[in-house]
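The primary structure of each chain is shown beneath.
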Amino acid sequence: MVQAKAWVLKQHFEGFPKYSDFELKHEQLPELSDGEVLVEAMFLSVDPYMWPFSRFRMQPGDVMIGTQVAKVIQSKNPEFPVGSHVVGQCGWRTHTVSDGTSLIRLLNDWPLNVSFSHALGAIGMPGLTALYGLEEVLAIKPGETLLVNAAAGAVGSVVGQLAKLKGCKVVGSAGSDAKVAYLKELGFDHVFNYKTVQSLEEALKQASPEGYDCYFDNVGGHFSSVALPQMKCFGRIAVCGGISTYNNKEPQTGPYPQLTMIMKQLHMEGFLVGRWEHKNQESLKRMLTWLQEGKLKCTEHVTTGFDNMPTAFMGLLHGENMGKAIIKV
């Protein structure tokens, strides 16, 4: 019998998450039945989407949602032999018994010199989110100007790099001078610290006086209210996240974008990465090739220890991470 540890949602978040919102539980896992496997977590992911998804898709007492890279340690399923590695929707668990439906084998040609943890970042869901947001939602073209906020995060940092690969001018915003320096190293054309500029409106105008063709929005709230009037006519906006609003106890109100969108004839589209799941294998191979060629750089903010999952999650929402937030077991 294997004993697993799991973090459960003790109560829904009210405002910013607290340690008391989580509870660490231990459970004895059953013996495997035919078709099942037992996986052991190696790396786990914390992501901003977990806050709103916990409200919509979870009840108190449920194991926290999330993705992990795991190793198969017992198997009665020939598709997942012992020793193979998978990406699994297993939640915040150290060990999981699965029938395989929530598991995906890592790419067969995964390079030995690339950490499996990148399957939770640039060569995983965040990287695919960046790619599909640019190619499928924004349909970005060479020579266009892109604005991306939360640009030093797991998604934003990839968005900027891919846009540069596609021949675009990239403007990014981040919340510290260290993050600004990091983004400049990645090749962003213009970056500013939104926390220290005297005027967000002026910072956006200075970075691109002619306006923006495309806007990849990870933040929402006040930032977007200021950014929308800076769009060019017929500009496109991909709404990926709204992290500035997740921790509010009371919903933010106004200003409202309809008049700006009408007069500038803007196109704004929200999206979830799963819409293009049928393209994932091909897309991940493209991302992995760019990584190996040095065209895509991946930075990780690593927290060690499964017991530190809530700390890592709250740190992410505080903006402490540079690149992808990962927990190493």
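- Identification of the protein as Prostaglandin reductase 1 from Electrophorus electricus is taken from an unreviewed UniProt entry.
- Word for word, the UniProt comment on the protein under Subunit (unreviewed entry) is "Monomer or homodimer."

### Here's the deal with helix H4 (residues 177-186)
Here is step 1 of the chain: What H4 keeps buried is the set Lys179, Val180, Tyr182, Leu183 and Leu186. All buried residues of H4 fall inside an arc of 160° around its axis, so they share one side. Of the exposed residues in H4, the ones pointing more than 90 degrees away from its buried face are Asp177, Lys184 and Glu185.
Here is step 2 of the chain: Its buried side turned inward, H4 meets helix H3 (156-165), strand S9 (169-174) and strand S10 (190-193).
Here is step 3 of the chain: With its phi angle positive at about 105°, Gly187 sits one or two positions after the end of H4.

### Focus on the sheet that holds strand S11 (residues 212-217)
Here is step 1 of the chain: Strand order in the open sheet formed by 6 strands is S10-S9-S8-S11-S12-S13, with parallel pairing between adjacent strands. Lying at the two open borders of the sheet, with one neighbouring strand each, are S10 and strand S13 (267-270). Between one strand and the next, the sheet's axes are offset by a mean angle of 15°, whatever the strand orientation.
Here is step 2 of the chain: Pairing between strand S12 (residues 231-239) and S13: 4 bridges, direction parallel. Pairing of Arg236 across the sheet is with His267, part of S13.
Here is step 3 of the chain: The strands that helix H2 (residues 125-137) touches are strand S8 (145-148), S11, S12 and S13; relative to S11, the one it contacts most, it runs at about 145°.

### Describing a nonpolar patch on the surface
Here is step 1 of the chain: On the surface, Leu259, Ile262 and Met263 cluster together into a nonpolar patch covering about 360 Å² of accessible area.
Here is step 2 of the chain: Checked against the element boundaries, Leu259 lands in helix H7 (residues 258-264).
Here is step 3 of the chain: Overall, the relative accessible area of 59% leaves Leu259 in the exposed class.

Parameters and conventions
- Throughout this document, residue positions are counted from 1 along each chain, in the order its sequence is written.
- Given that this is a predicted model, residues contribute local features only at a pLDDT of at least 70 and side-chain atom pairs are listed and counted only at 80 or more, while totals for whole chains, interfaces and linings are drawn from all residues.
- The side-chain quantities take in all heavy atoms of the structure and omit both hydrogens and water.
- UniProt positions are given in the numbering used here, feature names are shortened, and annotations may be inferred rather than shown by experiment.
- For the exposure calls, accessible area comes from a 1.4 Å probe over protein chains only, and a residue counts as buried if that area is under 20% of its type's maximum, exposed if over 50%, partly exposed in between.
- Helix and strand definitions here come from DSSP, where helices need a minimum of 4 consecutive H or I residues and strands a minimum of 2 consecutive E residues; each element is numbered from the N-terminal end.
- In this description, the arc belongs to the directions extending from the helix axis to the C-beta atoms.
- Any two residues having at least one pair of non-hydrogen atoms within 4.5 Å are treated as being in contact.
- Note on pairing: DSSP must find at least two bridges between two strands before they are called paired.
- Interaxial angle, 0 to 180 degrees, is taken between N-to-C directions of lines fitted to C-alpha atoms, where a helix line uses only the stretch in contact.
- Patches here: salt-bridge-free residues with over 30% relative accessible area, like charges joined within 9 Å, nonpolar side chains (Val, Leu, Ile, Met, Phe, Trp, Tyr) joined within 5 Å.
- For every accessible area listed, the method is Shrake-Rupley and the probe measures 1.4 Å; residues are considered covered only by the protein chains on display.
- The rule for a salt bridge is simple: a side-chain nitrogen of Lys or Arg has to be within 4 Å of a carboxyl oxygen of Asp or Glu.

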